[in-house]
Amino acid sequence: MSSPPAYSFSSDNSDFPYLIEAVMATRGLKIVVEESRFQDQLRNKGFGDKEDSEYLLKPYEALYLVYTKRLILKGIRNNLDFDSLIELILKHDKDILTKFLIYRDLRSRGYIAKEGFGFGVDFRVYERGEFEKKASRYIVFGLNEGINMKANNFSVAIEQIGKMGKEGVIAVVERRGGIIYYKVAKTRFIEKKIMAQDNDNNNNIDF
């Protein structure tokens, strides 16, 4: 599988003082950041989480950091590049490319996204400048263009998001990799902004 085409990134991605180093565990998809200086750098940017005694990156976070050339990921024998990493993750997670495309897009626009609440491909998304200061404002969940979702399942998800006091947003991944965002209510959704992935002149969207 070929790497997605590169496009411009916001300044949020350009001020890492040095490359991060992480290790892919021999079992599963555990991506471990061992050195505290790397952990601090990632934490300041909203990447990764401390789980028990280890600092771990989610697979889509690792993909993004490898893609933006911020991460050296050590495998059993060699360092893993983007293509080899996504091939490995696909064996465990068939939705990883959808997750990566949405995560990359949100990051490029200055949003910090964290693991969601199990609505499928979903993220908790923080308003700019509010990570670690306020709770996440949005729940963004992804759908691939042309994939049908049962109305009942959709309605239940939106209702649960509303009960959390958050705003629901659908991120539709187009066949060519672009993302369209829709803000949703209980039984309807309203298109707020259309964004093509190759539109480098508009780095701000409002959900």
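Residues numbered from 1 in each chain as written. Predicted model: local features only at pLDDT ≥ 70, side-chain atom pairs only at ≥ 80, totals over all residues. Heavy atoms only, no water.

Undergrad: Just to check I follow, could you spell out the confidence of the model for the protein for this structure?
TA: Low pLDDT marks regions whose predicted coordinates should not be analysed in detail. Residue-level pLDDT values for the protein average 81, and 78% of them are 70 or greater. Element-level mean pLDDT values for the protein span from 43 in strand β12 (residues 189-195) up to 97 in helix α2 (residues 59-67). Every residue in residues 1-13 scores below 50 in pLDDT, and together they form 36 contacts with partners more than four places removed in sequence or on other chains. (pLDDT = per-residue confidence, 0-100. Helix = DSSP H or I, 4+ residues; strand = E, 2+ residues; numbered from the N terminus. Contact = heavy atoms within 4.5 Å.)

Undergrad: Looking at this structure, I do not really get the packing of aromatic side chains. What am I missing?
TA: Each pair of aromatic rings is reported with the distance of its centres and the angle of its planes. Counting across every chain of the model gives 11 aromatic pairs. Here the aromatic rings of Y67 and F100 are separated by 5.6 Å at their centres, their planes lie at 75°, and the arrangement is edge-to-face. Separated by 33 residues along the polypeptide, Y67 in helix α2 and F100 in helix α4 (residues 96-108) bring together distant segments of the chain. Of the two residues, Y67 and F100, both sit in the buried class. With a centroid separation of 5.0 Å and an interplanar angle of 85°, the aromatic rings of Y126 and F131 are classed as edge-to-face. Taking relative accessible area as the criterion, Y126 reaches 10% and is therefore assigned buried. Grouped by ring-pair contacts, the aromatic residues F47, Y60, Y64, Y103 and F123 constitute a single cluster. One Lys or Arg, R107, reaches over the ring of F47 and ends 3.7 Å from the middle of that ring. (Phe/Tyr/Trp six-rings, centres within 6.5 Å; stacked < 30°, edge-to-face > 60°. Buried < 20%, exposed > 50% of the residue type's maximum accessible area, 1.4 Å probe, protein only. Lys NZ or Arg CZ within 6 Å of the ring centre and 35° of its normal.)

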